[in-house]
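Reading the structure
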Amino acid sequence: MRAISKKGLVLVMISGFLLLSLIYLWFPVKKQSVDIGLTQRGHIEKLLMEKNKDTLSSYHDVPYVLKESVSRQLAYGTCECRGDENKINLPLPRILFPRVWANNLNHAYLESDPDPGGVIGRRDKEYSAFQRRSYSPADLLIVAEANSPLQYPTQGVEVRPMKTIIIPGLGLKQDPRPTHTVSLSVTMGTLDVAATVVGVSISGAGQNTMGLSSSVLSQLNRQLQFVTYTNTLFHPKTADTVLYGSGGHKAAFTIKVGHRAIPKLFNSGTNEGYNISALVTIATKTFLRYDKLRDMINSVRKYYPTVLIVIADDNEHPQPVTGPHIDRYIMPFGKGWFAGRNLAVSQVTTKYVLWVDDDFLFTESTKLEKMVDILEKTTLDLVGGAVTEVTGYSATYQHTFSVDEGGSEGDCLHIRQGHYHSIQGFPSCVVADAVINFFMARTDKILRVGFNPQLSRRGHLEFFVDALGSLHVGSCSDVKIGHASKIVLPWSKSESAKSYDRFRYSFTNSEGRMQTEVYYFKNRLKCMSSN
Ligand SMILES: *[C@@H]1O[C@H](CO)[C@@H](O)[C@H](O)[C@H]1NC(C)=O
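Notes on the structure in this doc start here. The structure presented is a predicted model; accordingly, all values stated were derived computationally and were not measured. (Residues numbered from 1 in each chain as written. Predicted model: local features only at pLDDT ≥ 70, side-chain atom pairs only at ≥ 80, totals over all residues. Heavy atoms only, no water.)

Focus on the overall build of the protein chain
Regarding its fold elements, the protein chain presents 15 helices and 26 strands. Of the contacts formed within the protein chain by residues at least 6 apart in sequence, a portion of 71% connects residues at least 24 apart. When the accessible area of the protein chain is evaluated, it comes to approximately 31100 Å², of which 56% is carbon and sulfur surface. (Helix = DSSP H or I, 4+ residues; strand = E, 2+ residues; numbered from the N terminus. Contact = heavy atoms within 4.5 Å. Areas by Shrake-Rupley, 256 points an atom, 1.4 Å probe, with all protein chains shown as cover.)

So, the sheet that holds strand S21 (residues 411-417)
The strand order S1-S26-S21-S20 describes an open sheet built from 4 strands, whose pairing is mixed. Looking at the sheet topology across the chains shown, the edges are occupied by strand S1 (101-104) and strand S20 (399-404). Sheet twist, expressed as the average angle between the axes of neighbouring strands with direction ignored, equals 15 degrees. (Pairing = 2+ DSSP bridges. Axes fitted to C-alpha atoms, helices over the stretch in contact; angles between N-to-C directions.)

Section: the pattern of salt bridges
As enumerated under the stated definition, the model contains 15 salt bridges in all. The salt bridge involving Glu80 is made with Arg82; its shortest N-O contact spans 3.0 Å. Using a relative accessible area of 62% as the deciding quantity, one classes Arg82 as exposed. Arg442 is the partner of Asp381 in a salt bridge, and the nearest nitrogen-oxygen pair spans 3.5 Å. Of this pair, Asp381 sits in the loop between helix H11 (368-377) and strand S18 (382-388) while Arg442 is found in strand S24 (residues 439-442), placing the two residues 61 residues apart along the sequence. (Salt bridge = Lys/Arg side-chain N within 4 Å of Asp/Glu carboxyl O. Buried < 20%, exposed > 50% of the residue type's maximum accessible area, 1.4 Å probe, protein only.)

Examining the sheet that holds strand S8 (residues 200-203)
Spatial ordering of the open sheet is given by S3-S12-S11-S6-S9-S8, a layout of 6 strands whose pairing is mixed. Every other strand in the sheet has two partners, leaving strand S3 (158-159) and S8 as the edge strands with one partner each. Note that S3 and strand S12 (residues 249-258) share 2 bridges and pair parallel. Within S12, the residue paired with Val159 across the bridge is Val257.

Looking at the pairing of strand S9 (residues 209-214)
Counting buried residues along S9, 5 of its 6 residues qualify, which places the element largely inside the surrounding structure. As paired elements, S8 and S9 share 4 bridges and run antiparallel to each other. When the bridges of S9 are listed, Val200 appears paired with Ser214. Connecting S8 to the antiparallel partner S9 that follows it, the hairpin turn spans 5 residues, and Gly204 within it adopts a positive phi of roughly 80 degrees.

Structural notes on the site of the ligand
By nearness alone, every residue bordering the ligand is listed as Thr270, Asn275 and Ala278. Note that an oxygen atom of the ligand is positioned 2.4 Å from one of the side-chain N or O atoms of Asn275. Protein contacts shield 30% of the accessible area of the ligand, which totals 360 Å² for the unbound molecule. (Near = heavy atom within 4 Å. Polar contact = N/O pair within 3.5 Å; in protein donor to acceptor, adjacent residues only side chain to side chain.)

What to know about the state of the cysteines
For the coordinates displayed, the defined rule picks out 3 disulfides. In this model, Cys79 is linked to Cys412 through a disulfide, with the two sulfur atoms separated by 2.1 Å. Judged by the sign of its S-S torsion, about 80 degrees, the bond between Cys79 and Cys412 is right-handed. On the criterion of sequence distance, the pair formed by Cys79 in the loop between helix H3 (68-71) and helix H4 (93-96) and Cys412 in strand S21 is long-range, its members being 333 residues apart. (Disulfide = S-S within 2.5 Å.)

A few points about the packing of aromatic side chains
Two numbers describe a pair of aromatic rings. These are the distance of the centres and the angle of the planes. Summed over all chains, the structure comprises 12 aromatic pairs. Judged by centre distance (4.5 Å) and plane angle (25 degrees), the ring pair of Phe451 and Phe463 falls under stacked. Remark: Phe463 occurs in helix H13 (residues 461-467) and Phe451 occurs in the loop between helix H12 (443-449) and H13; sequence separation between them is 12 residues. This pair shows no difference in class: Phe451 is buried, exactly as Phe463 is. Cluster of aromatic residues (ring-pair linked, three or more members): Phe338, Phe439, Phe451, Phe463 and Phe464. The positively charged end of Arg123 is found above the aromatic ring belonging to Tyr520, 4.1 Å away from the centroid. Against the face of Tyr127 rests Arg524, its NZ or CZ located 3.6 Å from the ring centre. (Phe/Tyr/Trp six-rings, centres within 6.5 Å; stacked < 30°, edge-to-face > 60°. Lys NZ or Arg CZ within 6 Å of the ring centre and 35° of its normal.)

Topic: empty space enclosed by the protein
Enumeration over the complete set of coordinates arrives at 3 cavities of 30 Å³ or more. Taken as a whole, the second largest cavity spans an internal volume of roughly 110 Å³. Along its surface, the second largest cavity is lined by Leu47, Leu48, Lys51, Asn52, Thr55, Ile142, Val143, Glu145, Leu243, Lys250, Ala251 and Ala252. For the lining of the second largest cavity, the secondary-structure elements that each account for two or more residues are helix H2 (43-56) and S12. In terms of residue count, the dominant contributor to the lining of the second largest cavity is H2 (5 residues). Classifying every residue of the lining of the second largest cavity by side-chain character gives 7 nonpolar, 2 polar and 3 charged. (1 Å grid on protein atoms, 1.4 Å probe; cavity = no way out; pocket = protein on both sides within 12 Å on 5 of 7 lines; lining within 4 Å. Points joined across faces, edges and corners; volume = space filled by probe spheres on them. Nonpolar A, V, L, I, M, F, W, Y, C, P; charged D, E, K, R; others polar.)

And the structure:
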């Protein structure tokens, strides 16, 4: 009896297993695949743009008079590449008569290219992919039309990827009528209700278009308080556009879809005062100038004996650099300026990094506490200081950028000396777009921008161009660092200084072309002007 039941059990188990396998084969678990390619804009976006055209350009028949002083300032997408004319040809003209120069990158870059048409085509293709990649439906212009009975949130609705929320603020205000109806539709998710209200009929729940109707307005409005949105297309940061309508009235708003930004916090270990050694790492890049580098390290140690110095070294024959709190990273020979900056900054573990050149010298005026203080108390991400030459002249090298749209040929980058405005509570400090190569920055912010390692011997502004729109940059003229003598008579220069000059300042054609390529292709500019 027992043997039979055992056999029976085994049989039941085997047939059960076979049955399950069959079911699995017949109805496999559906993992829906989602298209996340760089698609064209969806039908909701197209619809809204069409609608905007009508809304924004009605009343053609009403005459107007242009106000020249204001209309001149509006960008038309046709930036011009024009510098000041060079009328006066005197020695030292730039100091006495500062003038704006302009570099037509289209000429400079394309003229020396054997296949200019190919380059233009490639740049256009990359640019349209970039535009589609960086486009967010939350950037779309949405106009709320006059006298809409629809009540809805205009902004501030957010959902985590693949999660569900209640859409707050939905409502309908209209006079009594036999049936009150609204409809909602989305593209990256589904709509549903978290609760049902008596007297309201719902169609399309769980789909991307849902309709609600009721003969009692208050019941419909109650039901609208339970409408949910579930995101079903995963993207770490995007937005879904909701179309909301009733009868002839239509409204649109966006729900932001995205992961929460995870903070990056630094534990500096102290509660009071600024412990510079715990907060700041000094980063530098050295090449052929070990005498200068040692002078720099010694000058740092006079004021900050325990702050870590990170050195990127791409010399052919590295010489010893010894001492406590020094990390040196040897790179392949001649890797270059920005590659070295990248490497040095990538090794920093403190909240802030101070960039110095290897021929700078700390003095009594090199107060890193001041830089930490302004970075702690303002929204600045990067603050530059002043570099004092042996002559006593201090430079802060403050610049502002403006990028004007220039249509299909590319945009114009205008660089001008100066700043935007001063900073309250910090009388020596101003806000700008680019500063000198003596600066302190939030390490994680500067790492996100990075330094283009293609720029091997020259390069400074390129970093600030890449940082445009993501770094908040300031400059304080009262934090000063010395610059080891640059004006040395050629015959008194050491051998290493001479070979350094040969390497750094012999700007070959291919390097000049690389710099033009960065601006022409990578930044998609047609013109650069500066003063
Ligand atoms: C400052 O920070 C350094 C490095 O973290 C640490 O060794 C030192 O003890 C700190 N000094 C004070 C006064 O907290």
